[in-house]
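Notes for the structure review
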Amino acid sequence: MPIRTASARWQGNLTEGSGTVRTGKGGLTGNYSFKSRFEEGEGTNPEELIGAAHASCFSMALSKQLADAGATDTSVETTAKVHFDKTDAGMTVTRIDLETVGQVPGLDEAQFTKLAEAAKENCPISRLLSPGAQITLNARLA
């Protein structure tokens with residue numbers, strides 16, 4: 001498997017500086033700053049990027065679970081809500097709430113939920129993040 005890369009550049013002090021982030025092949029490029037991370041400023045932040053990684057990994061893992069069960073999805077849409085909280089240890093990603101909606105003809109809600117839970121457990125990004133952050137899942141069919 002190839003090694004994946006991303007890079008970031010920061011210029012200036014913490015509160016007034018700014019940075020850019022880029023994935024290795026240039027698929028994503030964005031600006032980030034103190035305001036985009038700790039307030040409601042323009043640009044992205046590390047927590048959003050973690051959420052994007054988690055949502056995309058989970059969606060692919062769920063699609064695989066569905067295929068392994070003999071179901072074919074029309075689509076899987078996932079949102080990851082990353083909770084970034086102040087703790088005794090400092091600012092920490094404490095929880096990620098995954099919300100997924102699948103369009104899977106011929107599959108019932110109970111089977112979809114079961115496969116979504118398996119995807120949550122087997123998604124590589126879930127496995128990376130779960131020792132430190134609680135991961136919740138709300139899965140439903142469209």
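Residues numbered from 1 in each chain as written. Predicted model: local features only at pLDDT ≥ 70, side-chain atom pairs only at ≥ 80, totals over all residues. Heavy atoms only, no water.

If you check an unreviewed UniProt entry, the protein chain appears there as OsmC family protein from Micromonospora fulviviridis.

**A look at the packing of aromatic side chains**
Which entries qualify depends on this criterion: Any Phe, Tyr or Trp ring, taking Trp's six-membered ring, that has another such ring centre within 6.5 Å forms a pair; planes under 30 degrees apart are called stacked, those over 60 apart edge-to-face, and the others tilted. Helical segments are the DSSP runs of H or I of at least four residues, strand segments are the runs of E of at least two, and each set is numbered from the N terminus. Only protein chains enter the accessibility calculation, which uses a 1.4 Å probe. A residue is then buried if its area is under 20% of the maximum for its type, exposed if over 50%, and partly exposed in between.
Under the definition given, this model contains 3 aromatic pairs. Both rings, one in W10 and one in Y32, keep their centres 5.2 Å apart while their planes meet at 45 degrees; by these two values the pair is tilted. Note that W10 is positioned in strand β1 (residues 6-11) and Y32 in strand β3 (residues 29-33), a separation of 22 residues in sequence. For W10, a relative accessible area of 31% corresponds to the partly exposed category. Ring centres of F34 and F38 lie 4.8 Å apart, and the angle between their planes is 40 degrees; on these two criteria the pair is classed as tilted. Here the residue F34 and the residue F38 both occupy positions in helix α1 (residues 34-38), the gap between them amounting to 4 residues, near one helical turn. You can call F38 partly exposed: its relative accessible area is 35%. An aromatic cluster of three or more residues is present, and its members are F34, F38 and F84.

**Considerations on helix α3 (residues 109-122)**
Rules: Multiply 1.5 Å by the residue count of a helix minus one, and that product is the helix's expected span. Directions drawn from the helix axis to the C-beta atoms are what define this arc.
Its 14 residues place the ends of α3 20 Å apart at the C-alpha level, agreeing with the 20 Å of an ideal helix rising 1.5 Å per residue. Those residues of α3 lying buried are F112, L115, A116, A119 and K120. Buried residues of α3, viewed axially, fall in a sector of 150 degrees; they line one side. Along α3, exposed side chains directed more than 90 degrees from the buried face belong to A110 and K114.

**Description of helix α2 (residues 46-68)**
To keep it simple, the criterion reads: We call two residues contacting when some pair of their heavy atoms lies within 4.5 Å. Within 3.5 Å is the distance limit for a polar contact, defined as a pair of N or O atoms, with the added protein rule that one can donate a hydrogen and the other accept it, and that residues adjacent in sequence qualify only through two side-chain atoms.
Compared with the 33 Å implied by 1.5 Å per residue over 23 residues, the 33 Å span of α2 between its first and last C-alpha is a close match. Of all the positions in α2, only E47, G51, H54, A55, C57, F58, S59, A61, L62, Q65 and L66 are classed as buried. For α2, the elements touching its buried residues are α1, β4 (75-87), β5 (90-103), α3, α4 (124-129) and β6 (134-141). Regarding α2, its N-cap is N45, as a side-chain oxygen of that residue lies 3.1 Å from the backbone nitrogen of E47 further along.

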